[in-house]
Structure formats: structure tokens, C-alpha cells
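Chains, contacts and geometry: an overview
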Amino acid sequence: MTSPFVEATPAARHAAFAELAAAGPVRRVTLFTGVHVWLITGYDEAREALTHPDVIKGKGGDGPHRDSVPPDLAAAMDHHLLGSDPPDHTRLRRLVSTAFTRRRIEGMEPEIRRIVDRLLDDVAAAGGHGATVDLLATFGSPLPLTVISELLGVPEDRRRDFQEWTAVAINGSVHPAETFVAAATSLITYVRELIAHKRAHPSDDLISGLVAARADDDRLSENELTSMVFLLLVAGYETTAHLICGGVQTLLAHPDQLDLVRAEPDRLPAAVEELLRFNGPAQVTIPARTAAPVQIGGVTIPAGEVVVPAPLAANRDPRQFPNPQQFDITRPPASHLAFGHGIHHCLGAPLARLEARIAIGALIDRFPHLRLAVPPQDLRVQASMLINGLTTLPVTVT
Ligand code: HEM
């Protein structure tokens, strides 16, 4: 059976997940790394795993090159929401939520529109006279990184450094240990400086909000603040880039649906939801562990095993979504698992949705002749355990 985690065409990845799902919604599989995990491909079963009190994340600390990471650097990256369970998670999420509010995100809409328009100028310039443009490199990737920099309050003159460190630090496993440690050290050192600056000169950005966040007498420690900023970068950058680019690829492959969104832009929010269901960027959620024997979908998973719910498969479970292999933006709303489920449900979902709606809407509006520049079967998804994302998205815009 082909692994869904290797480089392949987008269709081959979905076919590999469909094959795994057909063999049973809860199955013990061996990953290409040789590690055994319980892969959950069924929709109800994935929801159950994501809400089961004995399926826990455990204490972070399993990032790349851990033997080479100095303890104080690890502590500044690991104390975050996705590496914690209740009651620690409950406390952190409560504090963080007082700063990461829907109002703050909605307030970013004009700025996101400005950033999108600027990036589309770059796409237009690069794609003049029918030239091929990689939409991932020129649009999908810079957009979320610029938005997060803006949200955090990273000043313009430090953006280039910040973005270079981030690109290496969040993809540590593809770089040698020294390169990763150097980038992560620079990033965390800079984030500490930024926090100190915002403490002295509070403003209306998210770091100032996190520094000021209080619940009763409680507040975030220095390591929790740096870890939270690190998590926002890790969780919000590539996922959003691939929602946009995987979304554009899916729309180009379904011209009737693309025509429908162009003709009726009010359908954009529904289109983004269907894109999340049909081809979301999170193949699986962060692996969890059983703290005791756990029954899911009639299968008993022993204690101490790794459990990996797979939204990409669960979102095409025919028991939940009729005709699941069909991309249909007029589908009645039904909750997909692209942002996870339960206590770790994506904190940044409103931001990701807003960025995707603005980005995809503005792109298809500005470039009526947008086309794929290669045959669809030449597109590849990156080899990855977590992310479902294209390696490049070559298009023409004129
Ligand atoms: C959690 C997906 C964008 C911040 C999650 C989880 C998923 C997910 C599946 C749950 C992981 C688990 O249970 O193991 C996505 C997708 C995105 C996206 C598909 C884009 C399309 C963002 C953005 C941000 C963000 C833009 C913030 C800037 C977070 C945080 C968590 C999280 C902080 C942890 C929440 C917790 O543990 O309580 N995301 N995410 N995400 N996401 Fe997102």
C-alpha cells in the first residue's frame, strides 16, 4: 500500500488515504520511519479520538534535532497549547484567548486586503507576457507570514530577518541541526527583545495583548509568551499558504465551480469551507498518546500507543459526507475536521478563513485568465507527515 506521507501527485495522496480508510476507520500502521501508530481515518472515530480524555498530547519537546537544542531554547519553544493537556492547556488557552480575539482578527481585514493587493501586483509583474509564476512562492507563502508579522507587531525593518529565521525554524527537520539551532536561537532572541519592548511601550498588537493577558491573578510566563509566538508561526504559516494554493489548484481543476464563485462572490465562504473539507492542509493532527487503554470505533488501543487522527481522510468519510470525492461548493454546511476538533480546535481558524477568502477572491477577480502552467498530473505534494501542500504551483495569469 502506498504511504500518503511521501511526495506524490495530489490525487495519489487522496487515493492512498482512501485505500487506508477502506481497510477500516481505526488501524495500526507502520510509517515510513518504521514507527507504529494508530491511524484514524473515520469521521466519527477521529472526533472521538480528539475528545477522548485518555488520548493526550503529553509534554511537547519532540521537535526536530532535540539532542542539539540547548535546554533554555527548548523551554522557550515548548510551553505552548499544542504541547499541553488539561489543566495546563485550559489555563493557557484561557489566557491566550483574551488577546487572540475574533475582534482583533476581524480588525485586520483592511490590512490583509492591502497586503494581498501588493502581492498580486508582484504576481502581475512576474507573470507579464505569459511568463510562468510560482503562486506558492510569490503569493501563498509571503501572505500569511506578512500577516502574522503584522499581527505580532514586528516592525518593517526587522521583517526580512524575522521571516528568514521563521522559514528555517518551523521546518527544522529539513535543515542540518546547526542551521536549525542558529535560526531558532535568533528567532527566540528577537522575540524576547520584542516582548521586552512591548512591555515598555504597549501598543495594540498581539504581543502587547499577550503580555497584558490576565485571568484572575494569572498571566503568561516569559517562556509561555515566546512559545506562544513560536506556535503561531509554526501553526499559521504553511497551513494558510497551502489552503490558498491547494484551494486555487482545486478550483482550477473544477472550472464549473470556479465559474460559480466568480459569478456569485457571496459563495466564497462556502467555497473555502468545501476546500478545507476536500483538500485541507492538515493531513493529520499532532500525534497524541493513549494514557490508558482506549476503545474507539470498536477497537481497543492499548495504553502508551501513538494515535494519529487524519482529517484529510475523515473529511471524505462517506458516512458523514454524501458523495465525498466530489468537490461541490453548494454542499449543505456540515462540520469538517480540517481545523481539528475538541479542546485543541484551531485557535487561528477565523484568521485562516479570512485570509483565504480575501486571497482567493482577489486573485480570481484580478486574473480572469488564470491557468495552470503545467499539466495537472505534473503537480506534486510535498513529502510530509503533517502538511498536505504542493511543492510549487506554476500558473500563468495573462
Ligand atoms: C491548532 C489546522 C491556521 C494557530 C490547529 C489544529 C489543526 C489546525 C488541525 C489542531 C491540531 C491538533 O489537535 O493536534 C489549521 C489549518 C490552518 C490553520 C488547516 C490554515 C488553513 C492557523 C493560523 C493560526 C493557527 C493562521 C494562528 C496564527 C493554531 C493554534 C493551535 C492550532 C495556536 C493550537 C490550539 C490549541 O492547542 O488549543 N490548527 N490551522 N492556525 N492552530 Fe491552526
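Residues numbered from 1 in each chain as written. Predicted model: local features only at pLDDT ≥ 70, side-chain atom pairs only at ≥ 80, totals over all residues.

Under an unreviewed UniProt entry, the name given to the protein chain is Cytochrome P450, and the source organism is Actinomadura rudentiformis.

As a further point, take the overall build of the protein chain. Of the regular secondary structure elements, the protein chain holds 17 helices and 12 strands. Relative to the compact-globule value of 21 Å for 398 residues, the protein chain shows a C-alpha radius of gyration of 21 Å, a close match. Dimensions of the protein chain, computed from the C-alpha atoms along their principal axes, are close to 55 × 55 × 40 Å. Looking at the protein chain residue by residue over its 398 residues, the buried ones come to 43%. (Helix = DSSP H or I, 4+ residues; strand = E, 2+ residues; numbered from the N terminus. Rg over C-alpha atoms; globule rule 2.2 N^0.38 Å. Buried ≥ 20, exposed ≤ 12 C-beta atoms within 10 Å, placed from the backbone.)

With that out of the way, let us pick up the site of the ligand. In the vicinity of the ligand, 25 residues are found, and the nearest of them are Leu 81, Gly 236, Gly 340, Cys 346 and Gly 348. Broken down by secondary-structure element, the contributors of at least two residues to the shell around the ligand are helix H12 (222-236), helix H13 (238-253) and helix H17 (349-366). By residue number, the principal contributor to the shell around the ligand is H12, which donates four residues. Tallied by class, the residues present in the shell around the ligand amount to 16 nonpolar, eight polar and one charged. (Near = placed C-beta within 6 Å. Nonpolar A, V, L, I, M, F, W, Y, C, P; charged D, E, K, R; others polar.)

This brings us to the confidence of the model for the protein chain. Confidence in the prediction for the protein chain averages 94 pLDDT; 99% of positions are at 70 or higher. Taken over the whole predicted complex, pTM reads 0.96, whereas the ipTM for its chain interfaces reads 0.99. (pLDDT = per-residue confidence, 0-100.)

Our focus in this paragraph is the packing of helix H9 (residues 159-169) against helix H10 (residues 177-200). For the pair H9 and H10, interaxial distance at closest approach is 8 Å and the crossing angle is 135°. One element, H9, and the other, H10, form an angle in the oblique class. In this structure, H9 meets H10 at a crossing whose hand is left-handed. Here Phe 162, Trp 165, Thr 166, Val 168 and Ala 169 of H9 come into contact with H10, specifically with Thr 179, Phe 180, Ala 183, Ala 184, Ser 186, Leu 187 and Tyr 190. Here the contact of H9 with H10 is composed, by residue class, of nine nonpolar, three polar and no charged. (Axes fitted to C-alpha atoms, helices over the stretch in contact; angles between N-to-C directions. Parallel < 35°, antiparallel > 145°, perpendicular 65-115°, else oblique. Left-handed = near helix turned anticlockwise from the far one by under 90°. Contact = placed C-beta atoms within 7 Å.)

Along its 13 residues, helix H1 (residues 10-22) runs 19 Å from first to last C-alpha, staying within 8% of the 18 Å computed at 1.5 Å per residue. Within H1, the full set of buried residues consists of Pro 10, Arg 13, His 14, Phe 17, Leu 20 and Ala 21. Down the axis of H1, the buried set is contained in an arc of 120°. They therefore lie on one face. After H1 finishes, the residue Gly 24 shows a positive phi value of roughly 135°. (Expected span 1.5 Å × (residues − 1). Arc of directions from axis to C-beta.)

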